[in-house]
Amino acid sequence: MPNLKLWSQSELEKLKRNVDRLFDDFCSDFELPAMHDRMAGDLVFSNEHGEFVARMEISGMKADDLVVTVHDGRMVISGEAECESGGTRTHRMFKKEVRLPCRVDAAEVRAVFEGGILEIHLPQCRNPYGHLVRVDTKE
């Protein structure tokens, strides 16, 4: 099996989107409710002024409904909200976990949610290799 290839995170996300779209199209053909609620869009990273900025479009939620955690080289974005429509209460939730492209200073991460767009600023660690410790001799 030397020809096996690991799929990247973006390839897996693309496959998931395509399968979700396939089930949604199937359900709409038979006038069934969609299998996958597209309340969260794709997470898009950019590098701006020494920090990574992640942006995601999220519909039907408020800032209080969202939780962002950064730990051990990974970022988790989740949301949970109850909505009422036509006398029916629905519980909506999503969770997206990504591996960060580099080490970030977790204590300095900032997130802003405005106009349906979640923007997360992830400052890169100044020294990704740690702190150099000087070794002295004892005399």
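Residues numbered from 1 in each chain as written. Predicted model: local features only at pLDDT ≥ 70, side-chain atom pairs only at ≥ 80, totals over all residues. Heavy atoms only, no water.

Chemist: Describe the sheet that holds strand 7 (residues 117–123), listing the residues and the values that go with them.
Modeler: One open sheet accounts for 4 strands, arranged 1-2-7-6; its pairing is antiparallel. Every other strand in the sheet has two partners, leaving strand 1 (44–48) and strand 6 (110–114) as the edge strands with one partner each. The mean angle between the axes of side-by-side strands here comes to 20 degrees, regardless of whether they run parallel or antiparallel. Sheet topology note: the strand 6/strand 7 ladder contains 5 bridges and is antiparallel. From the neighbouring strand, Val-112 faces strand 7, where its bridge partner is Glu-119. (Pairing = 2+ DSSP bridges. Helix = DSSP H or I, 4+ residues; strand = E, 2+ residues; numbered from the N terminus. Axes fitted to C-alpha atoms, helices over the stretch in contact; angles between N-to-C directions.)

Chemist: Just give me the short version of the nonpolar core, but keep the residues and values in it.
Modeler: Core analysis: the biggest nonpolar cluster contains 17 residues, and Leu-43, Ile-58, Met-75, Ile-77, Phe-94, Ile-120 and Leu-122 have the highest contact counts within it. Elements supplying a minimum of two residues to this core: strand 2 (51–57), strand 4 (74–85), strand 5 (88–99) and strand 7. Among all residues touching Ile-120, those that are not within four sequence positions of it are Phe-52, Val-53, Ala-54, Val-68, Met-75, Ile-77, Val-109, Arg-110 and Ala-111. (Core = buried A, V, L, I, M, F, W, Y, C linked by side-chain atoms within 4.5 Å. Buried < 20%, exposed > 50% of the residue type's maximum accessible area, 1.4 Å probe, protein only. Contact = heavy atoms within 4.5 Å.)

Chemist: Describe the pairing of strand 3 (residues 66–71), and please don't skip the residues or the numbers.
Modeler: As paired strands, strand 3 and strand 4 are joined by 6 bridges and run antiparallel to one another. Considered in strand 4, the bridge of Thr-69 is made with Val-76.

Chemist: Report on the sheet that holds strand 5, specifying residues and quantitative values.
Modeler: Ordered by their spatial adjacency, 3 strands build an open sheet running 3-4-5, and the pairing between neighbours is antiparallel. Across the chains shown, the open sheet's two edge strands, defined by having one partner strand only, are strand 3 and strand 5. Direction aside, neighbouring strands of the sheet carry axes that sit 10 degrees apart on average. Relative to strand 5, strand 4 runs antiparallel, the two sharing 12 bridges. Along strand 5, the bridge assignment pairs Glu-84 with Arg-89.

So, to be careful, I would describe these as geometric facts and stop short of saying anything about function.
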